[in-house]
Structures are given as structure tokens and as C-alpha cells.
Amino acid sequence: MTTARDDIATRTPSDHTGADRLLVDVDGTLAWQLPRACQYLDEQYGVSLAPEEVVAWDYTIPGHDAHDHIGGLIVEAFERDPEWYFGGMPPMAGAADALARLREEYHVAIATHRPPDTHEHTRRWLRDHDVPYDEFVEDVPDNKAALDGRALVDDYHGNVADALAAGMDGLLFDQPYSDHTACDGATVVDSWDDVLRAFDLA
């Protein structure tokens, strides 16, 4: 595991043809989704859960039989009212300014595993929060590393591990459910300032 202090800009570039293309996830990276999920759980089921208590993506909700894990709850929430669910997420601090800075040097591509029929809501959220980008990838494969790119910024260790295995740079946005040990060699970041420092752009 490395940290943002280990400058990605000094590493050997990957062999991908998209050498100037940065793949950026949305949930847990640009948008902080867990407060919205916890709000939904409280309002719909009367279960109080703090975001920091979700220490794994398959976290089982105590005393709650309607879902196997938090992921199932999130699916229910956005299927019931995607505009409410996606539209109410706060942006991660500094995300808009950081992407604007990254776009000065790289081609920023949004690559999310949100269902394709919710992309309209995602694009609206990005626009409403003034989050700039160059490309919105409409069809993202299960393995994001199948996309051309120099690096992936993501909160899910599995996606980051795939990127590293494909020869890309991987930046893991540290969340309570992120497992650093599952993506050895990733640059772990706590903020968008850390991301900029990793690319020597701060």
C-alpha cells in the first residue's frame, strides 16, 4: 500500500492507449452516497445507522430482514425514487475543483457502475454540482480495467485491484468499507487534495 505522498507522476506510464485518460468513479468518490442510504433506511424502516458503521459493502443491517446487506437497500432506494436518491447526495469536498484541475492535464472520463437507466440522473447531478468532465462512459464493463485509461480513481478495492492488475495506476478513495489489503500497490487517498498531490498537481 502506498499513500498520496508516493507521487504517481513518477511511475512508469501504463501501456494503455488512453495514456492521458483518467477513469473516475462516482459513488464514494465524487458523491457521498452512504448518508442518503442511511437516511432512506431510517425513514422507511426506522433503523438508525451511521455511515461510518458500514465497514463492508456487504454489511448486514442489524435487526433488518428486508435486505441481505446495504447494497440491497441502495438498489431498493434508487429503484423506488432515483431522482430523490441520486439527487440528494452531497458532493465530496473539493471534487469539482480537483476535476477542473485534472482536466488541464488529462482527459477525465466518468466511469460508474450505476445502472445505465440512471445515467440521466447522474449527469444531472454532475451538472447541478458543477463537476466538470470530458467524457461520460455509457457502458461500463464489470471490470473497469477493460476500459482504456492511465489511472482509475475509485472507492471499491476490487475495481482498483483490477486496474492495478491491468497495468494502470489505481487510487483508492478511503472509505469505511475500503479494504486496502485487497489492492496492494494502490495509492490510498483521503481527499481530492490527496488526488491532486498524487498527480503532482497540488
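Residues numbered from 1 in each chain as written. Predicted model: local features only at pLDDT ≥ 70, side-chain atom pairs only at ≥ 80, totals over all residues. Heavy atoms only, no water.

J.: Quick question: what am I supposed to make of the confidence of the model for the protein chain here?
T.: Per-chain confidence: the protein chain averages 87 in pLDDT, with 86% of residues scoring 70 or above. Overall, residues 1-17 carries pLDDT values under 50, and its contacts beyond four positions in sequence, including any with other chains, amount to 48 contacts. (pLDDT = per-residue confidence, 0-100. Contact = heavy atoms within 4.5 Å.)

J.: Explain the pairing of strand β3 (residues 107-110) to me, please; I cannot follow it from the model alone.
T.: For a regular strand, side-chain orientation follows a simple rule: the groups alternate between the two sheet faces. Pairing between strand β2 (residues 21-24) and β3: four bridges, direction parallel. Paired with L23 across the bridge in β3 is A109. Between the parallel elements β3 and strand β4 (residues 135-136), the chain passes through helix α5 (residues 119-128) in a crossover that is right-handed. (Pairing = 2+ DSSP bridges. Helix = DSSP H or I, 4+ residues; strand = E, 2+ residues; numbered from the N terminus. Right-handed = clockwise from strand over helix to strand, strands pointing away.)

J.: In this structure, what is going on with the environment of L171? I would like to understand it.
T.: Mapping L171 onto the fold places it in strand β6 (residues 169-173). Judged by its relative accessible area of 0%, L171 is buried. C-alpha of L171 to C-alpha of D154: the two residues are 17 residues apart in sequence and 6.4 Å apart in space. (Buried < 20%, exposed > 50% of the residue type's maximum accessible area, 1.4 Å probe, protein only.)

J.: How do you make sense of the pattern of salt bridges when you look at a structure like this?
T.: Pairing of side chains with opposite charge becomes possible as their charged atoms draw close. One pass over the full model with this rule turns up twelve salt bridges. R114 is paired through a salt bridge with D27; the nearest N and O atoms lie 2.6 Å apart. Here D27 lies in the loop between β2 and α1 (34-45) and R114 lies in the loop between β3 and α5, a separation of 87 residues in the sequence. Overall, the relative accessible area of 6% leaves R114 in the buried class. Take D27: its relative accessible area is 17%, and that puts it in the buried class. Put simply, E138 and R123 hold a salt bridge, and the shortest N to O gap is 2.6 Å. (Salt bridge = Lys/Arg side-chain N within 4 Å of Asp/Glu carboxyl O.)

J.: Even after reading the chapter, I still don't get the environment of T29, so can you show me in this structure?
T.: With respect to the helices and strands, the residue T29 is situated in the loop between β2 and α1. For the pair T29 and S191, spaced 162 residues apart in the sequence, the C-alpha separation amounts to 8.9 Å. Not counting the four nearest positions on each side in its chain, T29 is found in contact with V24, M92, V153, D154, D155, F173 and W192. Reaching out from T29, the side chain makes a polar contact with the side chain of D25 at a distance of 3.2 Å. (Polar contact = N/O pair within 3.5 Å; in protein donor to acceptor, adjacent residues only side chain to side chain.)

J.: Just checking my understanding: could you explain α1 for this structure?
T.: In an α-helix, one turn spans 3.6 residues, which is why side chains three or four residues apart end up on the same side. The end-to-end C-alpha distance of α1, which contains twelve residues, comes to 16 Å, matching closely the 16 Å that a straight helix rising 1.5 Å per residue would cover. Within the span of α1, buried status applies to L34, R36, A37, C38, Y40 and L41. Looking one or two residues beyond α1, the residue adopting positive phi is G46, at roughly 70 degrees. (Expected span 1.5 Å × (residues − 1).)

J.: Just to check I follow, could you spell out α5 for this structure?
T.: Every buried residue belonging to α5 is among H119, H121, T122, W125 and L126, and all of these are buried. When α5 is viewed along its axis, its buried side chains cluster within an angular range of 160 degrees and face the same direction. The exposed residues of α5 that point more than 90 degrees off its buried face are R127 and D128. Buried residues belonging to α5 abut α3 (82-87), β3 and β4. (Arc of directions from axis to C-beta.)

J.: Sorry if this is basic, but what is going on with the packing of α1 against helix α2 (residues 70-80) here?
T.: Angle between the axes and distance between the axes: these two values describe a pair of packed helices. Running from N to C, α1 and α2 cross one another at 80 degrees; their axes reach a closest spacing of 10 Å. Of the possible angle classes, the one that applies to α1 and α2 is roughly perpendicular. Contact residues: α1 offers A37, Y40, L41, Q44 and Y45, while α2 offers L73, I74, E76, A77 and R80. Looking at side-chain class alone, the contact of α1 with α2 contains seven nonpolar, one polar and two charged residues. (Axes fitted to C-alpha atoms, helices over the stretch in contact; angles between N-to-C directions. Parallel < 35°, antiparallel > 145°, perpendicular 65-115°, else oblique. Nonpolar A, V, L, I, M, F, W, Y, C, P; charged D, E, K, R; others polar.)

J.: I keep staring at the packing of aromatic side chains and nothing clicks. Help me out?
T.: Where two aromatic rings form a pair, the distance of their centres and the angle of their planes describe that pair. All told, the structure shown has eight aromatic pairs when counted by the stated rule. Taken together, a centroid distance of 6.1 Å and an interplanar angle of 50 degrees make the contact between Y40 and W84 tilted. Taken together, the positions of Y40 in helix α1 and W84 in helix α3 put the pair 44 residues apart, joining distant regions of the chain. Assessed through its relative accessible area of 3%, Y40 is described here as buried. Taken together, the aromatic side chains of Y40, Y45 and W84 make up a single cluster linked through ring pairs. Sitting over the ring of W84, R36 keeps its end group 3.7 Å from the ring centre. Over the aromatic face of F136 sits the side chain of R123, whose NZ or CZ is 5.1 Å from the ring centroid. (Phe/Tyr/Trp six-rings, centres within 6.5 Å; stacked < 30°, edge-to-face > 60°. Lys NZ or Arg CZ within 6 Å of the ring centre and 35° of its normal.)

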